[in-house]
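# A look at the structure
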Amino acid sequence: MGDPVFNGGLDLGVLGIVAVKALIGFTFVMVGVIFMIWFERKIIADMQSRVGPDRAGKWGLLQTLADGIKLIFKEDLSPDRSDRLVYRLAPYLSVAPAFLTFTIVPIGGVFRGDDDGTLRVLGNDTFLQVADPPVGVLFLLAMSAVAVYGIMLAGWSSGSKYPLLGSVRASASMVSYEAALGLSVVAVVLLSGSLSTHEIVSSQAGSVLDWNIVRTGFVPFVVFLIAATAELNRPPFDLVEAEQEIVGGFHTEYSSIRFGMFFLAEFMNTITMSAIMVTLFLGGPDGPAPIGPPLLWSFFWFTIKLLAFLFLFVWLRAALPRFRYDQLMDLGWKQLIPLSLGWLLLLGAIQIGRDEGWNVVVVVLVGFGIAVVAAGGLLGAIRVADRRRDAFAEPLPNESAELTDAGVR
Amino acid sequence: MTTTPHTHAPDAGDVEPDRAGEPDGQRTVDETDVTVMDPYATYEGAQEMRSRSEISATELLRESGAVLRLSEAAAAELSEATAGSEDETMIINMGPQHPSTHGVLRLMLELKGEEVLRTKPIIGYLHTGMEKTAEELTYLQGTTNTTRMDYLSPMFNELVFALATEELLGVADEMPARATWIRMFMCELNRIASHLLFFATNGMDMASTTSMIFGIRERDALLRFFEQVSGLRMNHNYIRVGGVAADLPDGWQEGVSAILDTLERKLVEHDELFSGQPIWHGRSQGVGIIGPEAAVALGATGPTLRATGVPWDLRRDDPYLAYDEVDFDVIVGTHGDTFDRYAVRMSEIRESIRIARQCIEGMPAGDWRIQDKKVTPPPRARIDESMEALIHHFKIFTEGFRVPEGEVYVAVESPRGELGCYLVSDGSAKPYRMHIRGPSFVNIQTLPHLMKGGLMADAVAVISSIDPVMGEVDR
């Protein structure tokens, strides 16, 4: 298990390969961010019948670069009431996980036929991903949990009220979506039989029907997509920064490149999460290779799938208003988590049924039956809880005011 | 306002003034000796919200229900029901520099977590003394002044001032039908433009940037038409005492019909994007509810009142201009929540389109201003050939015309509610006193009641659903 490049021990070639891979990964994400910001602004502009950035470079391509340079040269302020150390640490805490998560994504490699995605370079076998830890998926979950700290601490350490509200929202919403995210990933792990992203991609090789999006029955994918959007603080779940409500939330007090780093992290996370979704559900770089070297086609398919997700995120942002805090929590706890948990149990039952030689149809029917009963029970519990809460809440006196001739009594 | 006593050691080199402690016990400053104003505090005197421990029950009562004439016991109950200990609540300042307070409205909110317990609007950040200025301007100049108050519906401000002056002059009956209809027509277009901007900002406050752009885009078509008619996109000074500034341009019927046709098509798109959007429903339905009694007691008018189900529309209930000759419906809501206020406005756009269409068809021919030598300047051509006309023209624009002594109150239905103008004349060429009853100013009073018990995010939705224009609030 793990990246075969380390199997033959360390030597100069291995170090070189690792260094080059890290550099490529880094460059890919950085260039991706520059492109993504431009892409988002252009697409949204198009959807809103505007022009979008068109001054810096051809079609405004250099706009992000110009903005970045501007941010670097701006004055870096930190509020007097801030906790200096944490305040300065927070931007790095949100950028680093975004980079690290991308290391486990296979961005290319031929997985069809006899190939298992290895590439022979300088006498060493390697995968086209920076690292392939045997616990890849756990690493993903760990990193997305660490990313919460960056945002939470940024809001807390600013020593100001709006960022504090933002960080409270962040800790509550991101932590609860972590659960739904994890449960839908478990479905993938269950079918692939491995936590390593390389193994997960290998297990999906073949045709579209072998991809996890089909094999897991679409539901975990939808749950993962929604949870990932919330995890990324992308609209319509961007209530952690909520410009209109809490004036930017956790990054209200940040300026200069520290502010830029939060943006960098946000877009980097968007790209990384899209890449993760491609890896977990859409077969990674898998796809047909009609002519030419299959390796180049694998890069092509990976990029196309990635772009599809990026476009989806931009589209959501253009189309939807923002959720409210309590609605976000309702969606997470009352719908996504039970749904993904139920689906996971169903998939597990089918797996066991297959091992034991049970009839699949019967297993599915029984599973659905239990799921319906459980869902009914859950809905009943929610309704009872709502009613109890309403009973506690007293009506406001101004609703009982009456209009009389002499005025309101 | 906290006056924090603390020391400043001049040579300590301490860059954190707020944390400057006693430098190594060198000297202790008597607490009453040096009081330095907290550099972070802003101060608006009695308007500001104070913490519960500092205020009396009477003040709490005034904040939360005096207008509704609650008993003191009921108000105390109200405050106890929602109050937590001081540690659990936080007073947060929203505005005047905040993306969603529609200009420079400032709200102080008492929050418990994200829940809003108390709200206090603080106004005055856009005060420019327009009512006082009006006393220094002639009646002819008056409309240039009032048009800048509610800058999103300038036509109505001009109209209400012009109507009041004409009432004092006693020339209201001489008004040619065409002038009246042009006024009505332009006002309805202005109502559409104003409600479209409401659609835009309301969407923006819900983070739907697309609806913001769409609303502004549709409004722009109307502004371009206003520019054709009056030469200006905003603050037109088009409706003047004695009629309007100019006749409608050639081919206006086709131009406006095209705009209205496009708009009707786009409204369907907007419904798809926003009105039928489940997230938007979740954000607005059942949020910021006010009952009809409370709304009436607080003096709310316009869509804010009509959303509660009270069919009060001055166009129908106290017809001015030619509103009794056109056919339109008064839109009312049922629940008085944010969604109803939105829906009422969106339906009013459609009603205004209906009225505008009737204006296009039924626009009478004739003069577009009163032919009263006292009020109306001579036509441009006459000035070239007649010395008397030139002098007359000069006199009207420098000295103005005298208005008989008296006082009058005229009200029109602006997009925000009852817009009234109270005018007192002492017989000179300038008003003795002018007062505007701004609907935004009155409607803002409902904010504390609408926001109680809601979340911070609801507060933003509620503010934009009231659609306040601060230029009108502060005047």
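Residues numbered from 1 in each chain as written. Chains lettered and ligands numbered in written order. Predicted model: local features only at pLDDT ≥ 70, side-chain atom pairs only at ≥ 80, totals over all residues. Heavy atoms only, no water.

Chain B goes by NADH-quinone oxidoreductase subunit D in an unreviewed UniProt entry, where it is assigned to uncultured Acidimicrobiales bacterium. Its UniProt record gives chain B the following Sequence similarities (unreviewed entry) comment, quoted word for word: "Belongs to the complex I 49 kDa subunit family." Turning to chain B, the UniProt annotation filed under Subcellular location (unreviewed entry) states: "Cell membrane". (UniProt positions renumbered as here; feature names shortened; annotations may be inferred.)

### Focus: the overall build of chain A
Counting secondary structure elements, chain A contains 13 helices and four strands. Dimensions of chain A, computed from C-alpha atoms along their principal axes, come out at roughly 95 × 65 × 45 Å. Within chain A, buried positions represent 49% of all 409 residues. Restricting to contacts in chain A with at least 6 residues of sequence separation, those with at least 24 account for 76%. Surface summary for chain A: the accessible area is close to 19100 Å², and the carbon and sulfur share equals 70%. For chain A, the separation between the mean place of its 29 positive charges and that of its 36 negative charges on side chains is 6 Å. (Helix = DSSP H or I, 4+ residues; strand = E, 2+ residues; numbered from the N terminus. Buried < 20%, exposed > 50% of the residue type's maximum accessible area, 1.4 Å probe, protein only. Contact = heavy atoms within 4.5 Å. Areas by Shrake-Rupley, 256 points an atom, 1.4 Å probe, with all protein chains shown as cover. Lys, Arg positive; Asp, Glu negative; His and termini not counted. Charge placed at Lys NZ, Arg CZ, Asp CG, Glu CD.)

### A short note on the overall build of chain B
Each helix and strand counted, chain B has 19 helices and ten strands in total. Within the span of chain B, comprising 475 residues, buried residues form 57% of the whole. Contacts in chain B between residues far apart in sequence, at least 24 positions, make up 70% of those at least 6 positions apart. Roughly 19300 Å² of accessible area belongs to chain B as shown, and the carbon and sulfur atoms make up 52% of that amount.

### Let's talk about the pattern of salt bridges
Between side chains of opposite charge, a pair can form when the charged atoms approach closely. Residues and elements named next belong to chain B. Counted by the stated rule, this structure contains 38 salt bridges over all chains. One salt bridge in this structure joins Glu413 and Arg306, with 2.8 Å as the shortest N-O distance. One end of the pair, Glu413, is in strand S8 (residues 406-414); the other, Arg306, is in helix H11 (residues 303-306), with 107 residues separating them in the sequence. For the residue pair Glu413 and Arg306, the accessibility class agrees, reading buried in each case. Three or more residues joined by partner-sharing salt bridges are found here, namely Glu188, Arg191, Arg306, Asp313, Arg315, Glu348 and Glu413. (Salt bridge = Lys/Arg side-chain N within 4 Å of Asp/Glu carboxyl O.)

### A look at the packing of helix H3 (residues 84-102) of chain A against helix H4 (residues 136-157) of chain A
All names here are of chain A. Closest axis-to-axis distance for the H3/H4 pair is 8 Å, and the angle between their directions is 160°. What the angle tells us is that H3 and H4 run roughly antiparallel. Classified by chirality, the crossing of H4 by H3 is left-handed. Note on element contacts: H4 touches H3 through Phe139, Leu140, Met143, Val146, Ala147, Tyr149, Gly150, Leu153, Ala154, Trp156 and Ser157, opposite Val86, Tyr87, Ala90, Leu93, Ser94, Pro97, Leu100 and Thr101. For the contact of H3 with H4, the per-class residue count stands at 15 nonpolar, four polar and no charged. (Axes fitted to C-alpha atoms, helices over the stretch in contact; angles between N-to-C directions. Parallel < 35°, antiparallel > 145°, perpendicular 65-115°, else oblique. Left-handed = near helix turned anticlockwise from the far one by under 90°. Nonpolar A, V, L, I, M, F, W, Y, C, P; charged D, E, K, R; others polar.)

### Side note on the domain arrangement of chain A
All names here are of chain A. What the domain assignment lists for chain A is domain 1 (4-323) and domain 2 (333-409). The C-alpha-based centres of domain 1 and domain 2 are spaced at 32 Å. On the domain 2 side, the residues contacting the 18 residues of domain 1 number eleven residues. Here domain 1 meets domain 2 over a buried area of about 1200 Å², counting both sides, of which 84% is carbon and sulfur. It is Leu183, Leu190 and Val219 in domain 1 that bury the most area against domain 2; as a group they hold 40% of the surface buried on that side. (Domains from an automatic or database assignment. Buried area = accessible area lost by both parts, 1.4 Å probe.)

### Brief notes about the nonpolar core
In this structure, Phe185, Met186, Leu189 and Phe225 of chain B are the most contacted members of the largest nonpolar core, which totals 83 residues. Sort the elements by how many residues they give to this core and helix H6 (residues 177-205) of chain B lands first, with 13 residues. Beyond its immediate chain neighbours, meaning those up to four positions away, Leu189 of chain B contacts Leu222, Phe225, Phe226, Val256, Leu260 and Ala356 of chain B. Counting residues in each nonpolar core, the second largest holds 72 residues, with Ala187, Phe281, Leu310 and Phe313 of chain A among its members. (Core = buried A, V, L, I, M, F, W, Y, C linked by side-chain atoms within 4.5 Å.)

### With respect to H6 of chain B
Residues and elements named next belong to chain B. Compared with an ideal rise of 1.5 Å per residue, which puts 29 residues at 42 Å, H6 spans 42 Å between its outermost C-alpha atoms and is within 8% of the ideal. Along H6, 26 of the 29 residues are buried, which leaves the element largely enclosed by surrounding structure. Backbone geometry just downstream of H6 places Ala207 in the positive-phi region, at approximately 70°. (Expected span 1.5 Å × (residues − 1).)

### Remarks on the sheet that holds strand S3 (residues 89-94) of chain B
All names here are of chain B. Taken together, three strands build an open sheet; the order of strands is S3-S4-S5 and the sheet is antiparallel. In this open sheet, the two strands that pair with only one neighbour each are S3 and strand S5 (115-122). Ignoring which end each strand starts from, the neighbouring axes of this sheet average 20° apart. Examined bridge by bridge, strand S4 (residues 106-112) and S5 share seven bridges and lie antiparallel to one another. By the bridge assignment, Leu111 is partnered in S5 with Val116. (Pairing = 2+ DSSP bridges.)

### A look at the UniProt feature "domain: NADH-quinone oxidoreductase subunit D" (unreviewed entry) in chain B
UniProt's entry tags residues 205-475 of chain B with the feature "domain: NADH-quinone oxidoreductase subunit D" (unreviewed entry), counted in the numbering of this structure. Within residues 205-475 of chain B, the helical portion is 51% and the strand portion 11%, while the C-alpha atoms at the span's ends are 25 Å from each other.

### Thoughts on the pairing of S3 of chain B
If a strand is regular, its side chains alternate between the two faces of the sheet. Residues and elements named next belong to chain B. Among the six residues in S3, five count as buried, and that is most of the element. As judged from the six bridges shared by S3 and S4, these two strands associate in the antiparallel manner. When the bridges of S4 are listed, Asn93 appears paired with Met108.

### Notes on the packing of H4 of chain A against helix H10 (residues 256-281) of chain A
All names here are of chain A. Packing of H4 against H10 brings their axes to within 13 Å, and their N-to-C directions diverge by 160°. The angle between H4 and H10 places the two elements in the roughly antiparallel class. The interaxial crossing formed by H4 with H10 has left-handed handedness. Touching Val137, Leu140, Gly150 and Ala154 of H4 are Phe262, Ile276 and Leu280, all from H10. For the contact of H4 with H10, a count of residues per class yields six nonpolar, one polar and no charged.

### With respect to the sheet that holds strand S10 (residues 431-437) of chain B
In a beta sheet, neighbouring strands pair by backbone hydrogen bonds and run either parallel or antiparallel. All names here are of chain B. Taken in spatial order, the three strands of this open sheet run S8-S9-S10, and their pairing is antiparallel. Strand pairing shows two members of the sheet lacking a second neighbour, S8 and S10, which therefore form its edges. This sheet shows a mean twist of 15° between the axes of neighbouring strands, independent of strand direction. Two elements, S8 and strand S9 (residues 417-425), share nine bridges in a ladder whose sense is antiparallel. Bridging across to S9, Glu407 finds its partner in Val424.

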